[in-house]
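Next come the chains, spelled out residue by residue.
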Amino acid sequence: MRSSVLGSVCILLLMLRQQKCRGDDEVTSNTVNPCCYFPCQHWGVCVRFGDEYECDCTLTGYYGVNCTVPEFWSRVHQLLKPSPDVLHYILTHFQWLWDVINSTFLRDVLMRVVLTVRANLIPSPPTYNSKYGYLSWESYYNLSYYTRILPPVPEDCPTPLGVKGKAVLPDPELLVERLLRRRTFRPDPQGSNLLFAFFAQHFTHQFFKTYNRMGLGFTKALAHGVDAGHIYGDNLQRQLVLRLHRDGKLKYQLVDGEMFPPTVADAPVKMSYPPGTPPENQMAIGQEVFGLLPGLGMFATLWLREHNRVCDVLKREHPTWGDEQLFQTTRLIIIGETIRIVIEEYVQHLSGYLLQLKFDPTLLFKSNFQYGNRISLEFTQLYHWHPLMPDSFLISGDQVTYPQFLFNTSVLTHYGIEKLVDAFSKQVAGQIGGGHNIHPVVTKVAVGTIKESRQLRMQPFNEYRKRFNLRPYTSFRQFSANEEIALELEELYGDIDALEFYPGLMLEQTRPGALFGESMVEMGAPFSLKGLLGNPICSPNYWKPSTFGGRVGFDIVNSATLKKLVCLNTRTCPYVAFRIPTEEREPEGDSKERTDEL
């Protein structure tokens, strides 16, 4: 039933309750698209009928004109469910309790709950994309688009963010300069290091491949997930150039007897280097932008060595296999190793949880989990973690500046992988949340991110808070304990409900002793876990020893660690972790020794 009379009354009430006075330009319910008010709550879908609207509350667990009246089980869930802050506190305290849980079957039970609850927040199959704000076949099957969780703000709204805030959004350069640009480096209190920072950038660039040459919201990524395309290339032609075509291996060059990616002269693929850079000074890597930072080249080198090492293992197990089967099976093993390291070490570090996370696809085999994934616009915006970058890089006693670091592949070969891993593991990264911590070298990326979000008409930060079952903020002072930031935002935006998505994530007050605030964790985790466990290798038909060349290959996947990735592919074993060392960690002399247990 259409909400004609009742809908108009609701719109008027919303206007009186929510909209601030705008003088002579104030709009009425007869001239404003009612969906500009975002009236539909709890994932309800707003459908416009002229000046009227209807909220589709199907399967939301709520009913009523605006999907605000809970059904019985929704009411029970509301009463029993603890808040995200309470859950986070429990998961990060009571070490004795978690020691017991981690050593019993309860770990599997809780891990299954974590995976299903988080993954269910991401629609599968996808709904909207960067072009269509309504369900369409194009948004479902056209993989060239990023998807999106919330539809765009309607084009005919009185303000850029709906009906709240000012008629003109703040200048992006001014916004970044006043609120995001670094004043003094602020280290991450969790102890995240540069190894973590470079891993994050290296890992995510296999599926964050924005392709603006086709238009806004397009991606070059074909798999929309963990496909190791940053190692093998994002298309078959590039892959074939990078392959050795012998024993399943990738091409390489030897420098002082150690394996590094080949030069573009030997593997002629397009790489993004400054004009005039000779091909022999460019390294040929799966991801064309990985020549930018030696930290990315370091991980590219490690995965190259790991691929070729695994090929040797499989060749011994299967002497009759040809080049193609060795290559394809090794790629599946590399994907499995990647997912295990990401869940059990990378996400574990990000979460700060005392629950020991576990990569075990069988936990979901009896659930209705859907395999497959699409990368969303919101995920690409969320992952701009440039505050992690330091003011300079400290390597083996040398202070390396950005001009010396950028596009300099000689840093890799001069210091070697062991020294780079050791140095990056021991240098603290910056805190992402809280504002004022983006190095001036990369502030233009933040400016571009804000501009992109406006062109794609992303909904306000508070609407995303509600979409991920978080309470919307009611004021800038509640949003940030930093009085200066709160006042600046009040001046720039005028209304907390007009705060944009990306600035909201970056400026939100951080949790105590954490890398960033509540929203980054509660929004980012569902995207990550759905993408990782939605990988085909995690499905029942794939997750078996034969997929990985038998028990030996399956064991490589099931025992993968960050330390193994490094220490099985270097001459010595440096300090390897995503957190800077502390006094409680093993002495450096012990960590330098290569151990056979690896």
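Residues numbered from 1 in each chain as written. Predicted model: local features only at pLDDT ≥ 70, side-chain atom pairs only at ≥ 80, totals over all residues. Heavy atoms only, no water.

With respect to the overall build of the chain
Selection rule: To qualify as a helix, a DSSP run of H or I must reach at least 4 residues; to qualify as a strand, a run of E must reach at least 2; elements of each kind are numbered from the N terminus. When we talk radius of gyration, it's over C-alpha atoms, and the globule rule is simply 2.2 Å times the number of residues to the 0.38. Three exposure classes are used, based on accessible area relative to the maximum for each residue type with a 1.4 Å probe and protein chains only: buried under 20%, partly exposed in between, and exposed over 50%. Whether two residues are in contact is decided by their heavy atoms: any pair within 4.5 Å suffices.
Secondary structure summary: the chain contains 25 helices and ten strands in total. Here the chain has a C-alpha radius of gyration of 25 Å; the compact-globule value for 598 residues is 25 Å, and the two agree. For the chain, the spread of C-alpha atoms along the principal axes amounts to about 75 × 50 × 50 Å. In the chain, which comprises 598 residues, the proportion classed as buried is 55%. The contacts in the chain between residues at least 6 apart in sequence include a share of 69% that link residues at least 24 apart.

Structural notes on the nonpolar core
A general trend in soluble globular proteins is that nonpolar side chains are found buried together. Here is the rule we go by: What makes a nonpolar core is a set of buried Ala, Val, Leu, Ile, Met, Phe, Trp, Tyr and Cys residues whose side-chain atoms join them at distances within 4.5 Å.
Among the nonpolar cores identified, the biggest contains 149 residues, and Met298, Tyr346, Trp385, Phe393, Ile395 and Phe424 are the most heavily contacted of them. The element that contributes the greatest number of residues to this core is helix α12 (residues 323-351), accounting for twelve residues. Ignoring sequence-local partners within four residues, the contact set of phenylalanine 393 consists of Leu194, Phe198, Asp398, Gln399, Val400, Tyr402, Phe405, Phe424 and Gln427. Counting seven residues, the second largest nonpolar core, distinct from the first, contains Val32, Cys36, Tyr37 and Val163.

Re the packing of aromatic side chains
Two aromatic rings, taken as a pair, are described by how far apart their centres are and by the angle between their planes. Put simply, the rule reads: Planes of paired rings set the category: under 30 degrees apart is stacked, over 60 is edge-to-face and the rest tilted, where pairs are Phe, Tyr or Trp rings (Trp by its six-membered ring) whose centres lie within 6.5 Å. Each ring is checked for a lysine NZ or an arginine CZ that lies within 6 Å of its centre and within 35 degrees of its normal; such an atom marks a charge sitting over the ring.
Per the stated rule, a full pass over the model turns up 41 aromatic pairs. Ring geometry for tyrosine 464 and phenylalanine 501: centres 4.6 Å apart, planes at 50 degrees, overall tilted. Taken together, the positions of tyrosine 464 in helix α18 (residues 461-467) and phenylalanine 501 in helix α21 (residues 501-507) put the pair 37 residues apart, joining distant regions of the chain. There is no split in this pair, since tyrosine 464 and phenylalanine 501 are both buried. Geometry around phenylalanine 260 places arginine 305 over its ring, the cationic atom sitting 5.2 Å from the centre. When the ring centre of tyrosine 473 is taken as origin, the NZ or CZ atom of arginine 465, which lies over that ring, is 4.3 Å away.

Let's talk about the environment of tryptophan 98
In this fold, tryptophan 98 is placed in helix α4 (residues 95-102). The class of tryptophan 98 is buried, set by a relative accessible area of 4%. With 256 residues separating them along the chain, tryptophan 98 and leucine 354 place their C-alpha atoms 6.0 Å apart. Contact partners of tryptophan 98, with chain neighbours within four places excluded, come to Ile90, Leu91, His93, Leu110, Leu354 and Leu355.

Quick word on helix α11 (residues 294-317)
The condition is simple: Under the convention used throughout, the expected extent of a helix is 1.5 Å for every residue step, that is, one less than its residue count.
In a regular helix each residue adds 1.5 Å, so 24 residues correspond to 34 Å; α11 covers 35 Å between its end C-alpha atoms and thus fits that length. Within α11, 19 of the 24 residues are buried, which leaves it mostly tucked inside the rest of the structure.

Some thoughts on the side chain of glutamine 431
Applicable threshold: By the criterion applied in these results, polar contacts are pairs of N or O atoms within 3.5 Å in which, for protein atoms, one can donate a hydrogen and the other can accept it, and in which residues neighboring in sequence qualify only through two side-chain atoms.
Within the fold, glutamine 431 resides in the loop between α16 (417-426) and α17 (443-455). In terms of polar contacts, glutamine 431 uses its side chain to reach the side chain of arginine 186, at 2.7 Å.

Looking at the state of the cysteines
Simply put, the disulfide is a covalent bond whose two ends are the sulfur atoms of two cysteines. Worth spelling out the cut-off: For this text, the term disulfide refers to a pair of cysteine sulfurs within 2.5 Å.
Scanning the model with the defined rule gives five disulfides in all. Paired by a disulfide, cysteine 35 and cysteine 46 hold their sulfur atoms 2.0 Å apart. The sign of the -85 degrees torsion about the S-S bond sets the cysteine 35-cysteine 46 disulfide as left-handed. Of this pair, cysteine 35 sits in the loop between α1 (5-18) and β1 (45-49) while cysteine 46 sits in strand β1, placing them eleven residues apart in sequence. Owing to a relative accessible area of 10%, cysteine 35 belongs among the buried residues under this scheme.

These figures come from the coordinates and say nothing about function on their own.
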